[in-house]
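Chain and residue survey
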Amino acid sequence: MRVVIAEDSVLLRAGVQSLLADVGITTAAAVDNPDAMLVAVREHRPDLVIADVRMPPTFTDEGIRAAIAARKEIPGLPVLVVSQYVEGSYAVDLIAEGTSGVGYLLKERVADVADFLEAVRRVAGGGSAIDPDVVAQMLSRSRDPLEGLTARETEVLGLMAQGLSNAAIAKTLVVTQGAVENHISNIFAKLGLEASRDENRRIRAVLTYLDSTAVRA
């Protein structure tokens, strides 16, 4: 696996590169600004981009905007963004482009090496990895159309948004996979998500509450 790292902090940039090297992941480029990230992505066509949300020159949303631009240039490019704080609106912007190969983690998760490396592999493999704290904030702030969900259904939806499979959700909640499937069916029904050949209801369920949160932000 080859990655491009975009992080303005020298120490964090070097630390992530070292963690990846320890497990055999090659850093094709490590840069400190969004423009250099886009250049590196075009040159190296990496398997994954790891980018900070806030980067120079204004330290607001340059990193995530560059990540979104990179995914538009290279559809399906796996991107894992990291942020110092819970910034749900930025997560909405990124996930709105599609949840396949997308991750959003708080920087404190990088300190948990096992969790971070699992997220790296999951996103690079086309999955998603949304930080639980980000999901929790968005769920707590959302209203319609989620107010009809039970507490358990909301919990299941949160785990879905983190990218967990039905089996993983069942293990986390210590319930059967059949119970999880029933909860998900109820979620789809309450959100009015009918089966469709062209659309993934799981993705639509996640985007429904993210969009609802963005409207109220």
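Up top you'll find the structure we're talking about.
Here we summarise the structure given alongside this text. All of these numbers come straight from a predicted model, not from anything done at the bench.

Some remarks on the overall build of the chain
The helix and strand tally for the chain stands at ten helices and six strands. Going through the 217 residues of the chain one by one, you find that 46% of them count as buried. Long-range contacts, defined as pairs at least 24 residues apart, comprise 66% of the intrachain contacts of the chain with a sequence gap of at least 6. Accessible surface, the chain: about 10000 Å² in total, of which carbon and sulfur atoms supply 50%.

Details of the packing of helix α8 (residues 166-173) against helix α9 (residues 177-190)
Between α8 and α9, the shortest axis-to-axis distance is 8 Å and the interhelical angle comes to 110°. The orientation of α8 relative to α9 falls into the category roughly perpendicular. On α9, the residues that touch N166, A167, I169 and A170 of α8 are Q177, V180, E181 and I184. Of the residues in the contact of α8 with α9, the class split is five nonpolar, two polar and one charged.

Comments concerning the nonpolar core
Within the largest apolar cluster, 26 residues are counted, with the highest numbers of intra-cluster contacts made by M37, V41, V49, L77 and V81. Counting only elements with at least two residues in this core, the list comes to β1 (2-6), β2 (26-31), α2 (34-44), β3 (48-52), α3 (62-73), β4 (79-83), α4 (88-95) and β5 (102-106). For this core, the leading source of residues is α3, giving five residues. When sequence neighbours within four positions are dropped, the list of residues in contact with M37 reads V4, A6, V31, V49, A51, A66, A67 and A70.

Here's the deal with the sheet that holds β1
If you walk across this open sheet you meet the six strands as β2-β1-β3-β4-β5-β6, and the pairing is parallel. Only two strands of the sheet have a single neighbouring strand rather than two, namely β2 and β6 (128-130). Strand-to-strand twist across the sheet, computed as the mean angle between neighbouring axes with direction ignored, equals 20°.

A short note on unusual backbone geometry
In this chain, P56 is followed by P57 through a cis amide linkage whose omega measures 10°. Checked against the element boundaries, P57 lands in the loop between β3 and α3. Here the phi dihedral of R45 falls at roughly 45°; this positive angle occurs in a residue that is not glycine. Judged by its relative accessible area of 53%, R45 is exposed. Positive phi outside glycine occurs at V174, with the angle close to 55°. Assignment of secondary structure puts V174 in the loop between α8 and α9. For V174, a relative accessible area of 71% translates into the label exposed.

About the cut-offs
Residues numbered from 1 in each chain as written. Predicted model: local features only at pLDDT ≥ 70, side-chain atom pairs only at ≥ 80, totals over all residues. Heavy atoms only, no water. Helix = DSSP H or I, 4+ residues; strand = E, 2+ residues; numbered from the N terminus. Buried < 20%, exposed > 50% of the residue type's maximum accessible area, 1.4 Å probe, protein only. Contact = heavy atoms within 4.5 Å. Areas by Shrake-Rupley, 256 points an atom, 1.4 Å probe, with all protein chains shown as cover. Axes fitted to C-alpha atoms, helices over the stretch in contact; angles between N-to-C directions. Parallel < 35°, antiparallel > 145°, perpendicular 65-115°, else oblique. Nonpolar A, V, L, I, M, F, W, Y, C, P; charged D, E, K, R; others polar. Core = buried A, V, L, I, M, F, W, Y, C linked by side-chain atoms within 4.5 Å. Pairing = 2+ DSSP bridges.

Fair warning: the whole summary comes from geometry, so function is off the table for now.
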